[in-house]
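Results of the structural survey
One-letter residues, chain by chain:
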Amino acid sequence: MIQSVETHGTLAEAQRAMGADAIFMAGGTLVMRDVNAGVSATRLVRSTDPTLTDIRLSGDGVTIGAGVTMATIAHHRETTFLAPVARAVGGPQIRNMATVGGNLFAPHPYGDFAVALLALGARVNFAGQSGAARPLADVLRDRGRVGLVASIQAPRPLAAADFAFLKVSRIKPKGVSVLSIAALLPRQGGRIRGARVAFGAMGSMPLQSTAVERVLEGQSLDTATIARAAQIALEGLDPPTDALASAWYRREVAGVHLKRLLERMARG
Ligand SMILES: Cc1cc2nc3c(=O)[nH]c(=O)nc-3n(C[C@H](O)[C@H](O)[C@H](O)COP(=O)(O)OP(=O)(O)OC[C@H]3O[C@@H](n4cnc5c(N)ncnc54)[C@H](O)[C@@H]3O)c2cc1C
């Protein structure tokens, strides 16, 4: 049972205050649910570090503080390419609280924003970190063992049509994911260079699809390429069964929705 709530002025202090008896809370949309259900931790740790809510341009990318909310992403001029993704997370009340950092740790079937960041090849900065930012794919694999996330660096697509996100849910507009897909397909002379594709709710965490990326790389986004990508969509994915959909259903529809997303990107 939680016995104290500690608020620290810097994320580094919050990091030092963490321990086996503590939970870090950002927007609290998931943490407070767990607290109400009863958790073994006795301390809630928060941080009011102002850098957590920064959004700033860095080179050809954008650095987003871990405490930036989905509502801010949806309206900020530097993150317009991510606005449709942020708007797909929960309803307005959830978006006002839900943070980008919290989304990286949200269990299945949550983590829609993390799917988009994975497709973008985002990198993660941690509190008190001195070295280079870590690739998000590594951080997702190590989720239980990483420290506090300070910010996320994401490249900005050169053209709006290079990046797309699709979420399938049973309840519209604010249901959770049956599955989600994000793709970054930069094109040079009509050919895809640097394909990145990620799936959500098709495994225990957001998954990058290197099989689909291989099919798309160097190709033009024509009917034959899209058909080949859709055919191989399931490779490397391991969808679970839950209250929203069975693993069988997720397998049946993954290729169909990938095809729709790629067709939308082909139209520009
Ligand atoms: C009704 C409802 C609907 C929802 N709908 C969606 C949806 O459609 N799509 C979706 O993706 N999610 C959804 N969620 C889940 C959740 O709201 C989001 O994933 C949100 O982004 C989590 O962020 P948070 O700040 O609220 O996290 P918190 O609840 O504060 O924390 C969640 C986890 O992340 C950890 N954490 C938070 N910040 C950091 C940090 N900086 N560094 C390290 N660890 C950190 C916490 O310790 C905790 O383990 C929904 C939740 C609810 C209750």
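It should be noted that the structure appears before, not after, this text.
Structural notes, computed from the coordinates. Computed from a predicted structure; not experimentally measured.

Rules of the game
- Residues numbered from 1 in each chain as written.
- Predicted model: local features only at pLDDT ≥ 70, side-chain atom pairs only at ≥ 80, totals over all residues.
- Heavy atoms only, no water.
- Buried < 20%, exposed > 50% of the residue type's maximum accessible area, 1.4 Å probe, protein only.
- Helix = DSSP H or I, 4+ residues; strand = E, 2+ residues; numbered from the N terminus.
- Pairing = 2+ DSSP bridges.
- Core = buried A, V, L, I, M, F, W, Y, C linked by side-chain atoms within 4.5 Å.
- Contact = heavy atoms within 4.5 Å.
- Phe/Tyr/Trp six-rings, centres within 6.5 Å; stacked < 30°, edge-to-face > 60°.
- Lys NZ or Arg CZ within 6 Å of the ring centre and 35° of its normal.
- Near = heavy atom within 4 Å.
- Polar contact = N/O pair within 3.5 Å; in protein donor to acceptor, adjacent residues only side chain to side chain.
- Areas by Shrake-Rupley, 256 points an atom, 1.4 Å probe, with all protein chains shown as cover.
- Axes fitted to C-alpha atoms, helices over the stretch in contact; angles between N-to-C directions.

Looking at the pairing of strand β3 (residues 43–47)
Among the five residues of β3, four are classified as buried, and the element is accordingly described as predominantly covered. Of the pairings in the sheet, the one linking strand β1 (residues 4–8) to β3 comprises five bridges and is parallel in character. Note that in β3 the partner of H8 across the bridge is S47. With three bridges joining them, strand β2 (residues 22–24) and β3 adopt parallel strand pairing. From the neighbouring strand, A22 faces β3, where its bridge partner is R43.

What about the nonpolar core?
The biggest cluster of nonpolar side chains holds 78 residues, and the ones touching the most others in it are L82, F163, L185 and L216. Element by element, the count of residues in this core is highest for helix α7 (residues 112–120), at eight residues. Residues in contact with L82, not counting those within four places in the same chain, are I64, I73, F113, A116, L120 and F163. I2, V31, V35 and L44 belong to the second-largest nonpolar core, a separate cluster that totals six residues.

Some points on the packing of aromatic side chains
One pass over the structure, following the stated rule, counts one aromatic pair. Note on F81 and F163: the rings are 6.3 Å apart at their centroids and 75° apart in plane angle, and the pair reads as edge-to-face. Of the two residues, F81 is situated in the loop between α3 (70–75) and α4 (83–87) and F163 in strand β9 (residues 163–169); the sequence distance between them amounts to 82 residues. A residue is classified by how much of its surface remains accessible, and F81, at 17% relative accessible area, is buried. Positioned over the ring face of Y249 is R170, at 5.3 Å from the centre of the ring.

Examining the pairing of strand β8 (residues 149–155)
Among the seven residues that make up β8, five are buried, leaving the element largely enclosed by the rest of the structure. For strand β5 (residues 61–65) and β8, the ladder comprises five bridges, and the chain directions are antiparallel. When the bridges of β8 are listed, T63 appears paired with Q153. Here strand β6 (residues 123–126) runs beside β8; their pairing, made up of four bridges, is antiparallel. Bridged to N125 within β8 is S151.

Remarks on the site of the ligand
Lining the immediate environment of the ligand, one finds 29 residues, of which F24, G27, T29, T99 and D112 sit closest. Here an oxygen atom of the ligand sits 2.9 Å away from a polar atom, N or O, in the main chain of G90. Between N103 and the ligand, the recorded distance is 3.0 Å, taken from a side-chain N or O atom to an oxygen atom. Relative to its free-state accessible area of 980 Å², the ligand is covered by the protein chains to the extent of 87%.

Examining the sheet that holds strand β14 (residues 207–208)
Strand order in the open sheet formed by four strands is β9-β10-β13-β14, and the pairing between neighbours is antiparallel. With one partner strand each, in any of the chains shown, β9 and β14 form the two edges of the open sheet. Across two bridges, the pairing between strand β13 (residues 196–200) and β14 is antiparallel. Of the residues in β14, the one forming a bridge with F199 is L207. Packing of helix α11 (residues 247–267) onto the sheet brings it into contact with β9, β10 (177–184) and β13, and relative to β10 it is tilted by some 35°.

Purely geometric numbers; function is a separate question.
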